[in-house]
Amino acid sequence: MSYVETGIAFLVLFGQIGLAGYAVAYLVNRFLGEVPYLQDLNEFVYDNRYYITLVFSGLATGGSLFFSNVLGYPPCRLCWFQRIFMYPIVLLVGWGMFLRKDD
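About the criteria used
- Residues numbered from 1 in each chain as written.
- Predicted model: local features only at pLDDT ≥ 70, side-chain atom pairs only at ≥ 80, totals over all residues.
- Heavy atoms only, no water.
- Helix = DSSP H or I, 4+ residues; strand = E, 2+ residues; numbered from the N terminus.
- Rg over C-alpha atoms; globule rule 2.2 N^0.38 Å.
- Buried < 20%, exposed > 50% of the residue type's maximum accessible area, 1.4 Å probe, protein only.
- Contact = heavy atoms within 4.5 Å.
- Phe/Tyr/Trp six-rings, centres within 6.5 Å; stacked < 30°, edge-to-face > 60°.
- Lys NZ or Arg CZ within 6 Å of the ring centre and 35° of its normal.
- Expected span 1.5 Å × (residues − 1).

> Teacher, can you tell me more about the overall build of the protein here?
In terms of helices and strands, the protein carries four helices and zero strands. Secondary structure elements of the protein, listed N to C terminal, follow the sequence α-α-α-α. Relative to the globule expectation of 13 Å for 103 residues, the C-alpha radius of gyration of the protein, 17 Å, shows a markedly less compact shape. In terms of overall dimensions, the protein has C-alpha extents of about 50 × 35 × 20 Å along its principal axes. Sorting the 103 residues of the protein into buried and exposed places 13% on the buried side. Put simply, of all contacts in the protein between residues at least 6 apart along the chain, 54% involve residues at least 24 apart.

This is how it looks when you write it as structure tokens:
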């Protein structure tokens, strides 16, 4: 495994840990009462939901293209499903952000 693959694997791992941490923080804030710093985190995520979606879907799209076109790995069956559902998200969210008016 090359350094690039190891680096990408660690980034994915840290992203998943962060997402799980946010899910726990959201549930704690939702069901156990409002904690001020968790409320601020929820407001930040809500205010930047389009950008966060665009970044995550863009990274997933770029990652799948990088592994298949740059490193030469043939996409597995699950990778094809990822591509079918992830590529349109980048286009739709990007187009929606371009067309939307300020809230």
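> I keep staring at the packing of aromatic side chains and nothing clicks. Help me out?
Where two aromatic rings form a pair, the distance of their centres and the angle of their planes describe that pair. Evaluation of the coordinates by the stated rule reveals five aromatic pairs. A centroid spacing of 5.9 Å and a plane angle of 75° characterise the contact between F66 and F67, whose relative ring orientation is edge-to-face. Looking at F67, the relative accessible area reads 25%, which means it is partly exposed. Centroid distance F67 to Y73: 5.9 Å. Interplanar angle 15°. Geometry classified as stacked. Residue classification places Y73 among the partly exposed residues on the basis of a relative accessible area of 41%. Cluster of aromatic residues (ring-pair linked, three or more members): F66, F67 and Y73. Sitting over the face of the ring of Y46, R49 holds its NZ or CZ atom 4.1 Å from the ring centroid. In this structure, R83 packs its charged tip against the face of W80, placed 5.2 Å from the ring centre.

> Got a minute to help me understand helix α1 (residues 3–31) in this structure?
Since one α-helical turn is 3.6 residues long, residues separated by three or four positions face the same way. Helix length check: α1, at 29 residues, gives a terminal C-alpha distance of 42 Å against a target of 42 Å (1.5 Å per residue), a fit within 8%. Regarding α1, the residues found buried are E5, A25 and N29. G33 sits one or two residues past α1 and shows a positive phi near 105°.

> How should I be thinking about the environment of C79 in this particular structure?
Along the polypeptide, C79 turns up in helix α4 (residues 77–99). Separated by 58 residues in the primary sequence, C79 and G21 have C-alpha atoms spaced 26 Å apart.

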